[in-house]
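Secondary and tertiary structure notes
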Amino acid sequence: MKFAIVVFPGSNCDHDAYHAVKHVLGQPAEFLWHKDTSLQGADVVILPGGFSYGDYLRTGAIARFSPVMQAVSAFAAQGGPVLGICNGFQILCEAGLLDGVLIRNQQVQFRCEHVHVRVEQVDTAFTGACRAGQVLNIPVAHGEGQFFAEPEVIARLEANRQVVFRYGTASGEVTPESNCNGSINNIAGVCNAGRNVVGLMPHPERACEKVLGSDDGLVLFESVLQQLTAGAV
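Predicted model, so just to flag it, every value in this text is computed and none were measured.

Quick look at the environment of Leu-225 now. The topology assignment puts Leu-225 in helix 5 (residues 218-230). Judged by relative accessible area, which is 17%, Leu-225 ranks as buried. Considering only alpha carbons, one finds Leu-225 and Ala-129, 96 residues apart in sequence, at a separation of 9.6 Å. Once residues within four sequence positions are removed from consideration, Leu-225 is found in contact with Met-1, Leu-25 and Gln-27.

In structure tokens, the structure reads:
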């Protein structure tokens, strides 16, 4: 299965994602430049973390207009699995592929630390190999990671089971103290209605090897590989 990692001007986690897929998961992977208009036959698309276009105007606000995003949107509309990590999550929201927006952290601080996230849904393209309620130890590194949406949008996301990850404690308890950025309802990641597009602020690609402190993030990549192999995506 071929993974494509989209590179925007200012991306800085593209090689992390490539390493996780190519060298840890053992799958073919290639980079796509933001000016590309084709996904080159990719089976999975990853929008990595970083500071696309220097985060000018608003995080992800310029990247959403990159030529490659037309191909990403068409791929997603056809059910193709798309994962947005950190800045990639912000871009997916700006592009309208995911609901909500990521704003400045409530603490007005850049947060760079390991956090615990609880898996809420296991029927998305990137969580099929997880257990419901499983707690993942994954790092965050962001200044604008607070998930926000209007009350009616939050209610719809909750009702449709589109909240995929929540910040919590090591035991899986969702508390105000475990919310590293002030996100509404401790939301760390969401999916679209089709459940093939997933975005999250934590970095699973930085938690794929125990030598890095955790390999909990690998399950997201194993999940999509498992579903593609089974022909479920």
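Resuming the write-up.
What follows concerns the packing of aromatic side chains. Inspection of every chain in the model, using the stated rule, returns two aromatic pairs. Both rings, one in Tyr-18 and one in Phe-31, keep their centres 4.8 Å apart while their planes meet at 20°; by these two values the pair is stacked. Of this pair, Tyr-18 sits in helix 1 (residues 14-24) while Phe-31 sits in strand 2 (residues 29-33); the two residues are 13 residues apart in sequence, bridging distant segments of the chain. One Lys or Arg, Arg-64, reaches over the ring of Phe-65 and ends 4.5 Å from the middle of that ring.

This part takes up helix 1. For helix 1, the full list of buried residues reads Asp-14, Ala-17, Tyr-18, Ala-20 and Val-21. All buried residues of helix 1 fall inside an arc of 160° around its axis, so they share one side. Exposed side chains of helix 1 directed beyond 90 degrees from the buried face belong to His-15 and His-23. Looking at the packing, one finds that the buried side of helix 1 touches strand 1 (3-7), strand 2, strand 3 (44-47) and helix 5. Just beyond helix 1, the residue with positive phi is Gly-26, at close to 80°.

We note that Gln-40 has phi near 55°; this positive angle belongs to a residue other than glycine. One non-glycine residue, Val-108, lies in the positive phi region at around 55°. Mapped onto the fold, Val-108 is located in the loop between strand 5 (101-103) and strand 6 (111-119).

Among the eight residues in helix 3 (residues 87-94), eight count as buried, and that is most of the element. For helix 3, the set of buried residues is Asn-87, Gly-88, Phe-89, Gln-90, Ile-91, Leu-92, Cys-93 and Glu-94. Gly-96 lies just past helix 3 and shows a positive phi near 80°.

The subject of this paragraph is the nonpolar core. Leu-39, Leu-47, Val-72, Val-82, Phe-147, Phe-165 and Phe-221 are the most contacted members of the largest nonpolar core, which has 72 residues in total. For this core, the element with the most residues is helix 5, which contributes seven residues. Residues within four places of Val-72 in sequence aside, it is in contact with Leu-39, Val-45, Leu-47, Val-82 and Leu-97.

Spatially, the nine strands line up as an open sheet ordered 2-1-3-4-11-10-9-6-7, and their pairing is mixed. Where the open sheet ends on each side, the last strands, each with one partner, are strand 2 and strand 7 (135-142). Strand-to-strand twist of the sheet, defined as the mean angle between neighbouring strand axes without regard to direction, takes the value 25°. The strands touched by helix 5 are strand 1, strand 3, strand 4 (82-85), strand 7, strand 9 (163-168) and strand 11 (197-200); relative to strand 3, the strand with the most contacts, the crossing angle is about 155°.

Bringing the pattern of salt bridges into the picture now. Per the counting criterion, the structure on display carries twelve salt bridges. Note that Glu-94 and Arg-58 form a salt bridge whose closest N and O atoms lie 2.8 Å from each other. On the criterion of sequence distance, the pair formed by Glu-94 in helix 3 and Arg-58 in the loop between strand 3 and helix 2 (68-77) is long-range, its members being 36 residues apart. Overlapping salt bridges bring together Arg-118, Glu-120, Glu-158 and Arg-166 as one network.

Criteria and thresholds
- Residues numbered from 1 in each chain as written.
- Predicted model: local features only at pLDDT ≥ 70, side-chain atom pairs only at ≥ 80, totals over all residues.
- Heavy atoms only, no water.
- Helix = DSSP H or I, 4+ residues; strand = E, 2+ residues; numbered from the N terminus.
- Buried < 20%, exposed > 50% of the residue type's maximum accessible area, 1.4 Å probe, protein only.
- Contact = heavy atoms within 4.5 Å.
- Phe/Tyr/Trp six-rings, centres within 6.5 Å; stacked < 30°, edge-to-face > 60°.
- Lys NZ or Arg CZ within 6 Å of the ring centre and 35° of its normal.
- Arc of directions from axis to C-beta.
- Core = buried A, V, L, I, M, F, W, Y, C linked by side-chain atoms within 4.5 Å.
- Pairing = 2+ DSSP bridges.
- Axes fitted to C-alpha atoms, helices over the stretch in contact; angles between N-to-C directions.
- Salt bridge = Lys/Arg side-chain N within 4 Å of Asp/Glu carboxyl O.

Don't take any of this as a statement about function, it's just geometry.
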